[in-house]
Amino acid sequence: MTAFSKTRDLESGDLSTVRKHLVQALSILAPLGYLKIGLHPEGGAVAGTLALMAAMEKIAGISPSLFLSVEMSTRMFGRMLVLDNPSGKKSDLLETLTAGGIVGAVALSEAAMNVENDPLATAGTPEDSQIVVNGTKSYVVNGPLADWFAVVGCLDDRTAVFLVDKQASGLKLTRRVTTMGYNGLAICGLELDACRVPANQVLGPLETKKFLDQLRIWENQILIAAALGMMKGSYETARDHAKIHRSGGKPIIAYQEVGFKLAEMLTLYQTAQLYAYRAAWTADDNPKEADGLTLCAKVFCTE
């Protein structure tokens, strides 16, 4: 991955370039087993969060945009597939996903953005052997690039996840969202108008609060790792520049003020790293305590 990043600008590009980078990254990561970490078909259990955090930090340090694309496809969409024992189409999708063969996206947010307090308007209605889905989703990471979407909505007044193929009739992608930073990330919205989904491509019904809490923990772990990668990259870039840039006949790292600033950067990065790894360890060792600690780690690391 490091050699891959040195030959490409991974933080910008049109959609075709962004998708090319993502597909190539997945093809590199798949043989390493990275795409399988935390995905367990037997019962859907998720473990190894501490090891995953270390691996995620490494990828995030190469390219924050590419990292988020990989994680939203693999860890978010992939974990959706193992909410229950995957079989049939779900099992095939999981196998292809962990082999780097497809890109996934999760469509959760709606107009209000606060799905915990505002009910989901996206809903499915049974019709013969299919579910007819209607609704609108916003800020779908990987939306313009995805082969499959995990659309969160309601079915018979219960929370469910609809697995939607990008070619499905009634599915429309909205314009790509412009971002401040993360320019190599592709985000858009979805409109589902009588979109037909086979009944065997529906996950659920799910316990709403437990499911949404789990989604937020997964998302926060990804954002924590993204922040660590950015901090690490920023510190190393500043340190290396200070070693080679000269002023007054000597490298600027020899000046006390520059040394103090670098020391402060390193202290903040390593403190954030300890916080993040403690939260990850707690998620494995004591899940009941993980929610609050993960939120605290997210605030500290991202700020």
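Quick look at the structure, then. Values in this document were obtained by computation on a predicted structure and should not be read as measured data.

The next thing to look at is the overall build of the protein chain. In terms of helices and strands, the protein chain carries eight helices and 10 strands. Rg of the C-alpha trace for the protein chain: 21 Å, near the compact-globule value of 19 Å for 303 residues, within the 12% margin. Within the protein chain, the fraction of its 303 residues that count as buried is 45%. For the protein chain, the share of sequence-separated contacts (at least 6 apart) that also reach a separation of at least 24 residues comes to 71%. Distance from the positive charge centre (29 side chains) to the negative charge centre (32 side chains) of the protein chain: 8 Å.

On to the pattern of salt bridges, then. Using the criterion set out here, one finds nine salt bridges in the structure. Between Asp147 and Arg19 there is a salt bridge, with its nearest N and O atoms 3.3 Å apart. Of the two residues, Asp147 sits in the loop between β3 (130-141) and β4 (148-155) while Arg19 sits in helix α2 (residues 15-29), which places them 128 residues apart along the sequence. On the basis of relative accessibility, which here comes to 26%, the residue Arg19 falls in the partly exposed class.

Turning our attention to the environment of Trp281. Following the sequence through the fold, Trp281 ends up in helix α7 (residues 256-285). Sequence separation between Trp281 and Thr49 is 232 residues; the distance between their C-alpha atoms is 6.7 Å.

On to the packing of helix α3 (residues 49-62) against α7, then. Running from N to C, α3 and α7 point in directions that differ by 145°, and their axes come no closer than 7 Å. On α7, the residues touching Thr49, Leu50, Met53, Ala54 and Glu57 of α3 are Tyr269, Gln273, Ala276, Tyr277, Ala280, Trp281, Ala283 and Asp284. Of the residues assigned to the contact of α3 with α7, the class counts are nine nonpolar, two polar and two charged.

Another aspect to go through is helix α5 (residues 89-98). Among the residues making up α5, those that are buried are Lys90, Leu93, Leu94, Leu97 and Thr98. All buried residues of α5 project into a common sector of 120° when viewed along the axis, lining one side. Contacts made by the buried residues of α5 are with α4 (64-81), β1 (104-107), β4, β5 (158-165) and β8 (202-206). Just downstream of α5 lies Gly100, where phi reads positive at about 80°.

With that settled, the discussion passes to the nonpolar core. One finds Phe67, Met80, Val161 and Leu163 to be the most contacted residues of the largest nonpolar core, which totals 66 residues. At 11 residues, the largest contribution of residues to this core is made by helix α6 (residues 208-244). In this structure, Met80 is in contact with Val106, Ala150, Val152, Val161, Leu203, Phe211 and Leu215, ignoring residues within four places of it in sequence. One finds Leu155, Ala160, Leu171 and Cys195 within the second-largest nonpolar core, a separate group that totals 19 residues.

Enumeration over the complete set of coordinates arrives at one cavity of 30 Å³ or more. In this structure, the largest cavity spans a volume of roughly 50 Å³. What lines the largest cavity is Leu10, Ser12, Val18, His21, Leu22, Leu66, Ser69 and Gly184. When residues of the lining of the largest cavity are traced back to their parent elements, those giving at least two are α2 and α4. For the lining of the largest cavity, the element with the highest residue contribution is α2, accounting for three residues. Residue composition of the lining of the largest cavity, by class: four nonpolar, four polar and no charged.

Basis of the calculations
Residues numbered from 1 in each chain as written. Predicted model: local features only at pLDDT ≥ 70, side-chain atom pairs only at ≥ 80, totals over all residues. Heavy atoms only, no water. Helix = DSSP H or I, 4+ residues; strand = E, 2+ residues; numbered from the N terminus. Rg over C-alpha atoms; globule rule 2.2 N^0.38 Å. Buried < 20%, exposed > 50% of the residue type's maximum accessible area, 1.4 Å probe, protein only. Contact = heavy atoms within 4.5 Å. Lys, Arg positive; Asp, Glu negative; His and termini not counted. Charge placed at Lys NZ, Arg CZ, Asp CG, Glu CD. Salt bridge = Lys/Arg side-chain N within 4 Å of Asp/Glu carboxyl O. Axes fitted to C-alpha atoms, helices over the stretch in contact; angles between N-to-C directions. Nonpolar A, V, L, I, M, F, W, Y, C, P; charged D, E, K, R; others polar. Arc of directions from axis to C-beta. Core = buried A, V, L, I, M, F, W, Y, C linked by side-chain atoms within 4.5 Å. 1 Å grid on protein atoms, 1.4 Å probe; cavity = no way out; pocket = protein on both sides within 12 Å on 5 of 7 lines; lining within 4 Å. Points joined across faces, edges and corners; volume = space filled by probe spheres on them.

No statement about biological role is implied by the geometric values presented.
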